[in-house]
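A closer look at the structure
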Amino acid sequence: MRLTFLMLFSFVSIAMYAKETMNWEAKEYDFGKVELGSGPINHRFVFKNEGKEPLLIKDVVASCGCVSAGWTKTPVAVGDTGSVCVRYKNNVSGVFHKTVKVISTAKGSKKVPLMIKGETVKK
């Protein structure tokens, strides 16, 4: 009985610790077909802090130079939302898959990959 209780307590503790505190509306966005050279395209990824303490996005690292990002710079209080806005320079024709990694203080989700994809087509 004692061993069963300890095992159950351990599993519950691990599950509580592993729960992500950044609940993203989506971690992937498909632009579909976009016109080549029509200017940069943007998508805003939104998350909610479902943890027990404020969290802070420390950095967002892009997979290449054609992608940049802006994000909520202030701590996000428990229950509030924050965002990461990803911008892609659509100056190359063809299919694209690009990622950014969100580095934060959130438990269970310290490095979150977000992905944008689509196809840049000529006019």
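For every chain, the first residue of the written sequence is number 1, and numbering continues from 1 along that sequence. Two thresholds apply to this predicted model, a pLDDT of at least 70 for residue-level local features and 80 or more for giving and counting side-chain atom pairs, whereas whole-chain, interface and lining totals are computed over all residues. The basis for every side-chain value is the complete set of non-hydrogen atoms in the structure, without hydrogens or water.

1. Focus: the environment of Val-121
The numbering of helices and of strands both runs from the N terminus, where a helix is a DSSP run of H or I of at least 4 residues and a strand a run of E of at least 2. Topologically, Val-121 is positioned in strand S8 (residues 111-121). Sequence spacing of Val-121 and Gly-94 is 27 residues, and the spatial spacing of their C-alpha atoms is 6.3 Å. The contact definition used throughout considers only heavy atoms, calling two residues in contact when any of these lie within 4.5 Å. Once residues lying within four places of it in the same chain are set aside, the contact partners of Val-121 are Lys-33, Val-34, Glu-35 and Leu-36.

2. Comments concerning the sheet that holds strand S2 (residues 28-35)
Strands are treated as partners if at least two bridges between them are detected by DSSP. Strand order in this open sheet of four strands is S2-S8-S7-S4, and the pairing throughout is mixed. Looking along the sheet, the strands with just one partner apiece sit at the ends: S2 and strand S4 (57-62). Neighbour-to-neighbour, the strand axes of this sheet turn through a mean angle of 20 degrees, independent of strand direction. Helix axes are fitted only over the stretch in contact, all axes being lines through C-alpha atoms; the angle between N-to-C directions runs from 0 to 180 degrees.

3. Structural notes on the pattern of salt bridges
The working definition used for a salt bridge is a side-chain nitrogen of Lys or Arg within 4 Å of a carboxyl oxygen of Asp or Glu. With the rule as written, the count across this model stands at one salt bridge. Residues Lys-117 and Glu-28 are paired through a salt bridge, measuring 3.0 Å at the closest nitrogen-oxygen approach. Of this pair, Lys-117 sits in strand S8 while Glu-28 sits in strand S2; the two residues are 89 residues apart in sequence, bridging distant segments of the chain.

4. Points about the side chain of Thr-120
Residue position: Thr-120 is located in strand S8. Excluding residues that lie within four positions of it along the chain, Thr-120 makes contacts with Val-34, Glu-35, Leu-36, Tyr-88, Asn-90, Val-92, Ser-93, Gly-94 and Phe-96.

5. Brief notes about the nonpolar core
Counting 24 residues, the largest nonpolar core has Met-22, Trp-24, Ile-57, Val-84, Val-102 and Leu-114 as the members making the most contacts within it. The set of elements that each furnish at least two residues to this core consists of strand S1 (22-24), S2, strand S3 (41-49), S4, strand S5 (67-71), strand S6 (81-88), strand S7 (94-104) and S8. Definition of nonpolar core: a set of buried residues of the types Ala, Val, Leu, Ile, Met, Phe, Trp, Tyr and Cys, connected through side-chain atoms within 4.5 Å. When accessible area is computed with a 1.4 Å probe and restricted to protein chains, residues below 20% of their type maximum are described as buried, those above 50% as exposed, and intermediate ones as partly exposed.

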